[in-house]
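Each chain, letter by letter, is given below.
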Amino acid sequence: MTGNLQVPVVWSEECLRHDPGGEVWLGVRDAGTEVPDRALVLRAALAAAGAPEVPAAAHGDEVLRAVHDPALLEHLAKVWTEWEQAGFPAEYGRDRVVPYVFPTEGMLDGLPVRTPPAVHGRAGRFCYDTMTLVGPGSWAAIRGAADAALTAADLVSSGHTGLAYALCRPPGHHVTRSAYGGSCYLNNAAVAAQALIAAGAGRVAVLDIDAHHGNGTQSIFYARGDVYYGSVHVDPGAGWFPHYVGYADERGAGPGEGANQNLPLPPGTRDEGWLAAVRDMCAAAAAHRPDAVVVSLGVDAAETDPESPLRISPAGYREAGRLTAALAPTVLVQEGGYDLPTLGPLTVAALTGAAEA
Ligand code: SP5
Ligand code: ZN
């Protein structure tokens, strides 16, 4: 141990068991960047920085069922076993669950969404892309990541600490109430926000600084006034995932009108422009007077990251950590970040800034 970073790091060993085995992108299976080594690199860097580690405690499904369709939970828990029993890995060399038919609005044209009995048909029922593969250890890791988020929320809501970090893998902010995608399976940040509310917070702000728009978190809280969602991300209209959501005119609905704010940025944006947007997001969030904050901490906006064209430095992430954690007691939840050599320093920088707040 060389540092003195006083932020508890909540961690579940289960998170290593998810090996998506790549991603099918534009019809070709690529190696993929959401790999188990991400968690090992983060864990080692945070330990070297002196951060104390806290094991994730097993939690029940109550909070998960408040933000997700129970049918999504059941599907994820069972789909690998059914895929295997149907013979796809052993008999056909299909070693991961990859959907091939998606029940889009255009396909159904108002007919009810059925749940097909055949697993290969049902694979697209709760998933919206081909990049988010499921394998034998996936569910254990998905559930371990949610437990890490819940444990970090417990540490903060109990007053044990004003700041806690959940080392979640796989990440979560692309998952809506009933559909997964974007290398995410359950929405760990939404789970943390809901847990904070269940523990007594009246209003929560979710601040998302991952390079990509957190379409899942936005969707889950879109019509709610008790959870503000703000996101700074690369403009989906400039050709970046999630393409269909994350535009500035998405402001919330009904009781949530005005409690959703997107700040899309052009590819190539550096610290100055990004931090100006982070400051704007924090000012808007502060106006909602949150009792607690959840930060969706993706470090894939870094200049070194292969998955986004934003060009943020470690110093930028440190400042963003300071700004986002200054509003209220804060739970940091790991989202993306894929450049293994710089993933550790970037995350340590963000946590260092948050601890300074
Ligand atoms: C949590 C998170 O950051 N999810 C991001 C999902 C976006 N993945 C898009 C992958 C597109 C294909 N990647 C090719 C990279 C080549 N440099
Ligand atoms: Zn991302």
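Residues numbered from 1 in each chain as written. Chains lettered and ligands numbered in written order. Predicted model: local features only at pLDDT ≥ 70, side-chain atom pairs only at ≥ 80, totals over all residues. Heavy atoms only, no water.

### Comments concerning the site of ligand 1
If you check the shell around ligand 1, you find 16 residues, and the closest are E23, G182, D300, E307 and Y338. Between ligand 1 and H212 there is a distance of 3.3 Å, counted from an oxygen atom to a side-chain nitrogen or oxygen. One of the backbone nitrogen or oxygen atoms of P306 is found 3.2 Å away from a nitrogen atom of ligand 1. Isolated, ligand 1 exposes 500 Å² of accessible area, and the fraction of that covered by the protein chains is 79%. Considered class by class, the residues forming the shell around ligand 1 number 7 nonpolar, 5 polar and 4 charged. (Near = heavy atom within 4 Å. Polar contact = N/O pair within 3.5 Å; in protein donor to acceptor, adjacent residues only side chain to side chain. Areas by Shrake-Rupley, 256 points an atom, 1.4 Å probe, with all protein chains shown as cover. Nonpolar A, V, L, I, M, F, W, Y, C, P; charged D, E, K, R; others polar.)

### Considering the coordination of the zinc ion (ligand 2)
At the metal site, the zinc ion (ligand 2) is ligated by D210 (OD), D210 (OD), H212 (ND1) and D300 (OD), and these contacts range over 2.0 to 2.8 Å. Each donor residue of the zinc ion (ligand 2) belongs to the same chain, and together they define the spacing D-x1-H-x87-D. Within this pair, whereas H212 is found in the loop between β6 (204-208) and α9 (215-221), its partner D300 is found in the loop between β9 (292-297) and α11 (314-324), the two being separated by 88 residues in sequence. (Donors = N, O, S within 2.8 Å, 3.2 Å for Na, K, Ca; no water. Helix = DSSP H or I, 4+ residues; strand = E, 2+ residues; numbered from the N terminus.)

### Regarding the packing of aromatic side chains
Under the criterion given, the structure shown has 4 aromatic pairs. Relative to Y92, the ring of F88 has its centre 5.9 Å away and its plane inclined at 45 degrees; by these criteria the two rings are tilted. Here F88 pairs with Y92, and both are found in helix α4 (residues 88-92), just 4 residues apart, close to one helical turn. You can call F88 buried: its relative accessible area is 14%. The partly exposed category is assigned to Y92, whose relative accessible area is 47%. Three or more aromatic residues link up through ring pairs in this structure, and these residues are W83, F88 and Y92. If you follow R125 out to its NZ or CZ, it ends over the ring of F126, 4.6 Å from the centre. (Phe/Tyr/Trp six-rings, centres within 6.5 Å; stacked < 30°, edge-to-face > 60°. Buried < 20%, exposed > 50% of the residue type's maximum accessible area, 1.4 Å probe, protein only. Lys NZ or Arg CZ within 6 Å of the ring centre and 35° of its normal.)

### With respect to the pairing of strand β10 (residues 330-334)
Of all 5 residues that make up β10, 5 are buried, and the element is covered over most of its length. Of the two faces of β10, the one holding T330, L332 and Q334 and the one holding V331 and V333 are both buried throughout. Where strand β5 (residues 163-166) meets β10, 4 bridges bridge the pair, whose relative direction is parallel. Residue pairing in the sheet places A164 in a bridge with V331 of β10. As paired elements, β9 and β10 share 5 bridges and run parallel to each other. Its bridge partner being in β10, V293 is matched across the sheet by T330. Assessed by its sense of winding, the connection that carries the chain from β9 through α11 to β10 is right-handed. (Pairing = 2+ DSSP bridges. Right-handed = clockwise from strand over helix to strand, strands pointing away.)

### What about the sheet that holds β6?
The strand order across the open sheet built from 8 strands is β4-β1-β5-β10-β9-β6-β7-β8, with neighbouring strands paired in parallel fashion. The two strands at the open ends of the sheet, each matched to only one other strand, are β4 (53-55) and β8 (260-265). Averaged over all pairs of adjacent strands, the angle between strand axes in this sheet comes to 20 degrees, irrespective of strand direction. Pairing of strand β1 (residues 9-11) with β4 involves 3 bridges; the strand directions are parallel. Looking at β4, one finds that W11 is bridged to P55. In this fold helix α1 (residues 37-48) packs onto β1, β4, β5 and β10, with an angle of close to 145 degrees to the strand it touches most, β1. (Axes fitted to C-alpha atoms, helices over the stretch in contact; angles between N-to-C directions. Contact = heavy atoms within 4.5 Å.)

### Section: the packing of helix α7 (residues 138-157) against helix α8 (residues 188-198)
Axis separation between α7 and α8 bottoms out at 9 Å; the angle between their running directions is 35 degrees. Judged by the sense of rotation from one axis to the other, the crossing of α7 with α8 is right-handed. For the pair formed by α7 and α8, the contact residues are A145, A146, A149, L150, A153, V156 and S157 on the first element and N188, V191, A192, A195 and L196 on the second. Taken together, the residues that form the contact of α7 with α8 break down as 10 nonpolar, 2 polar and no charged. (Left-handed = near helix turned anticlockwise from the far one by under 90°.)

### Here we look at the pairing of strand β7 (residues 227-234)
In terms of burial, β7 is largely enclosed, as 8 of its 8 residues are buried. Pairing of β6 with β7 involves 5 bridges; the strand directions are parallel. Bridged to L207 within β7 is G230. Between the parallel elements β6 and β7, the chain passes through α9 in a crossover that is right-handed. Inspection of the sheet shows β7 paired to β8 by 6 bridges, in the parallel sense.

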